[in-house]
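# Tertiary structure, described
Chain residues, written in single-letter form:
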Amino acid sequence: MNSTDFILAASESANPLLPNPWEILVTGVGFAVLLFIVIKVIAPKFEQSYEDRVTAIEGGLEKAEAAQKEAEETLAQYKAQLLEARTEANRIREEARSEGAQILEDLKTKATDEATRISEQAQRQIQAERTAALSSLRTDVGTLATELASKIVDEALKDDARAQRVVDQFLNDLEAQQNAGASN
């Protein structure tokens, strides 16, 4: 038989709308085996993969939330430390200002005391030099006055005690005239 005869013989006995019952049975068994494999092997693997992903995502979210919470706590700690450091810096700055003001006041007091001491020492030195100058002046004026008086009177005053009395009296008169002129 040739292939055309075979096709014609097959086409006469079979209804084209109804498939061959053996094909339906083989296809149904194949489908059942495939469905069994999908339900028992492939679907659980997909389900496990899905659960693993869900767990990983949830774990990642939990870790992210924990990390976010830790970051917020750390940020709060840093802010508190920064505030504390600024407060400490302000306190130290204020202490330094007050210490600086105290040091400045101490230096001003010391400078005033030193100026007063120097002024008093200068006054004492001036007074000592004035006393020495007056003493030297008395002696020099006395000698000059005695020499002048002896030249004027043409008589030498040999008596030292008498000469000293004359000089003292002359200087006292001179001092009295100066004091009277200064009080006017």
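Residues numbered from 1 in each chain as written. Predicted model: local features only at pLDDT ≥ 70, side-chain atom pairs only at ≥ 80, totals over all residues. Heavy atoms only, no water.

- Looking at an unreviewed UniProt entry, one finds the chain named ATP synthase subunit b, with Glutamicibacter protophormiae as its source organism.
- What UniProt records for the chain under Sequence similarities (unreviewed entry) is the sentence "Belongs to the ATPase B chain family." (UniProt positions renumbered as here; feature names shortened; annotations may be inferred.)

## Some remarks on the overall build of the chain
- In terms of helices and strands, the chain carries 3 helices and 0 strands.
- The helix and strand sequence of the chain, counted from the amino end, reads α-α-α.
- As presented, the chain carries roughly 16,200 Å² of accessible surface, and 60% of it is formed by carbon and sulfur atoms. (Helix = DSSP H or I, 4+ residues; strand = E, 2+ residues; numbered from the N terminus. Areas by Shrake-Rupley, 256 points an atom, 1.4 Å probe, with all protein chains shown as cover.)

## Concerning the UniProt feature "coiled-coil region" (unreviewed entry) in the chain
- The UniProt entry lists residues 61-99 under the feature "coiled-coil region" (unreviewed entry), expressed in the numbering used here.
- Measuring from the first to the last C-alpha atom of residues 61-99 gives 55 Å, for a span that is 100% helix and 0% strand.

## Remarks on the layout of surface pockets
- Of the volumes computed, that of the largest pocket is approximately 240 Å³.
- In this structure, the largest pocket is lined by Arg130, Leu134, Leu137, Arg138, Val141, Leu171, Leu174, Glu175, Gln178 and Asn179.
- The set of elements that each furnish at least two residues to the lining of the largest pocket consists of helix H2 (21-153) and helix H3 (160-183).
- Partitioned by chemical class, the residues of the lining of the largest pocket number 5 nonpolar, 2 polar and 3 charged. (1 Å grid on protein atoms, 1.4 Å probe; cavity = no way out; pocket = protein on both sides within 12 Å on 5 of 7 lines; lining within 4 Å. Points joined across faces, edges and corners; volume = space filled by probe spheres on them. Nonpolar A, V, L, I, M, F, W, Y, C, P; charged D, E, K, R; others polar.)

## Looking at the pattern of salt bridges
- According to the stated counting rule, one finds 4 salt bridges in the structure shown.
- Residue Glu88 is joined to Arg91 by a salt bridge in which the shortest nitrogen-to-oxygen separation is 2.1 Å. Taken together, the residues Glu88 and Arg91, both in helix H2 and 3 residues apart, mark about one turn of the helix.
- Residue Arg91 is classed as partly exposed on the basis of its relative accessible area, which comes to 37%.
- For Arg117, the salt bridge identified is with Glu114, shortest N-O distance 2.3 Å. Placement of the pair is Arg117 and Glu114 together in helix H2, with a separation of 3 residues, close to one helical turn.
- Under the relative-accessibility criterion, Arg117 is labelled partly exposed at 39%. (Salt bridge = Lys/Arg side-chain N within 4 Å of Asp/Glu carboxyl O. Buried < 20%, exposed > 50% of the residue type's maximum accessible area, 1.4 Å probe, protein only.)

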